[in-house]
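Each chain, written out:
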Amino acid sequence: AEDGSVAVPLLGGHRGGNALAVFLADQTGGIPAVTTAGELRLGLALDMPPAGWRMANREMTKTLMAALLAGEKVALRCDVSDDGWFSGAGLEFHDDATLSIRVSAAATPPADNELLFHPPVLALGVGCERHAEATELEALVTKTLEEHNLSPWAVACVCSFDLKSDEKAVRVLAESLGVPARFFDAEELT
């Protein structure tokens, strides 16, 4: 509204529209016009996971959201914490359901009937020789993650010793993973 009393996501509420309306309403003292069924009835939108979470198969959000709204059985399978996003929503999940939501750090691809989320739960500690090739460090990280069946999408940050803060390979690795690089001094690491 012109006076800021109501924030309406005119281009739709999905993929951040509702979040923007809530933010703007908070800033103006107005009311957000949230109309999407998932957020109104269930208090969450599967297409707007918490910050840093990544989806392996976004196309499944509509199927899972429709099932939850219809009261169909859906399973929740977590091998890492959902940080209260699902468990705190008050939804009822069923172990015997055909459809499922999986929250995982594993690189195992999603099944046909599941929506897979990778929350940022891995801190990737790296070191390298001075002026190491970025491709060499990236290849080593890729190999290590694969050997342990860990998804690069579950990496929250790339960490290293503060003396490596100017190493291009470490910064390129963080950039390629789409995460921040964090550096620690010896006292912090002991």
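Residues numbered from 1 in each chain as written. Predicted model: local features only at pLDDT ≥ 70, side-chain atom pairs only at ≥ 80, totals over all residues. Heavy atoms only, no water.

### Notes on the overall build of the chain
When you go through the chain residue by residue, the secondary structure sums to six helices and nine strands. Evaluated residue by residue, the chain yields a buried proportion of 39% over its 190 residues. Taking all contacts inside the chain whose residues are at least 6 apart in sequence as the whole, residues at least 24 apart take part in 60%. On the chain, roughly 11000 Å² of surface is accessible, and the fraction owed to carbon and sulfur atoms is 54%. (Helix = DSSP H or I, 4+ residues; strand = E, 2+ residues; numbered from the N terminus. Buried < 20%, exposed > 50% of the residue type's maximum accessible area, 1.4 Å probe, protein only. Contact = heavy atoms within 4.5 Å. Areas by Shrake-Rupley, 256 points an atom, 1.4 Å probe, with all protein chains shown as cover.)

### Some details on unusual backbone geometry
A positive phi angle, near 55°, is found at D83, a position not held by glycine. Position of D83 among the secondary structure elements: in the loop between β4 (74-78) and β5 (99-103). The class for D83 is exposed, based on a relative accessible area of 69%. Unlike most non-glycine residues, H131 shows phi in positive territory, near 65°. Along the chain, the position of H131 falls in the loop between β7 (122-125) and α4 (134-147). Residue classification places H131 among the exposed residues on the basis of a relative accessible area of 68%.

### Concerning the sheet that holds β4
The strands that make up a sheet pair up through hydrogen bonds in the backbone, lying either parallel or antiparallel. Spatially, the four strands line up as an open sheet ordered β3-β6-β5-β4, and their pairing is mixed. Two strands bound the open sheet, and with one partner strand each, they are β3 (54-55) and β4. Here two bridges tie β3 to strand β6 (residues 114-118), and the two strands are oriented antiparallel to one another. Its bridge partner lying in β6, R54 is registered against H118. (Pairing = 2+ DSSP bridges.)

### Some thoughts on the sheet that holds strand β8 (residues 155-161)
The strand order across the open sheet formed by three strands is β7-β8-β9, and the pairing between neighbours is parallel. Strands with a single pairing partner mark the edges of an open sheet, and in this sheet they are β7 and β9 (181-184). The average angle at which neighbouring strand axes cross in this sheet is 30°, direction not considered. Of the pairings in the sheet, the one linking β8 to β9 comprises four bridges and is parallel in character. By the bridge assignment for β9, C159 is matched with R182. Seen against the sheet, helix α5 (residues 168-177) touches β7, β8 and β9 and runs at an angle of roughly 175° to β8. (Axes fitted to C-alpha atoms, helices over the stretch in contact; angles between N-to-C directions.)

### Re the environment of D26
On the secondary structure map, D26 appears in helix α1 (residues 17-28). The exposure class of D26 is exposed, given its relative accessible area of 58%. Spatially, the C-alpha atoms of D26 and A7 are 9.2 Å apart, while their sequence positions differ by 19 residues.

### Here we look at a negative patch on the surface
A surface patch of like charges, here negative, comprises D162, D185, E187 and E188. The topology assignment puts D185 in the loop between β9 and α6 (186-189). D185 sits in the partly exposed class, given a relative accessible area of 31%. (Patch = residues over 30% accessible without salt bridge, like charges linked within 9 Å, V, L, I, M, F, W, Y side chains within 5 Å. Salt bridge = Lys/Arg side-chain N within 4 Å of Asp/Glu carboxyl O. Lys, Arg positive; Asp, Glu negative; His and termini not counted. Charge placed at Lys NZ, Arg CZ, Asp CG, Glu CD.)

### Brief notes about the environment of A105
Its place among the elements puts A105 in the loop between β5 and β6. Sequence-wise, A105 and P119 are 14 residues apart; in three dimensions their C-alpha atoms are separated by 7.0 Å. With sequence-adjacent residues up to four places away left out, A105 is seen in contact with D79, V80, H118, V121, N149, L150, S151 and A154.

What is shown is where atoms sit, not what they do.
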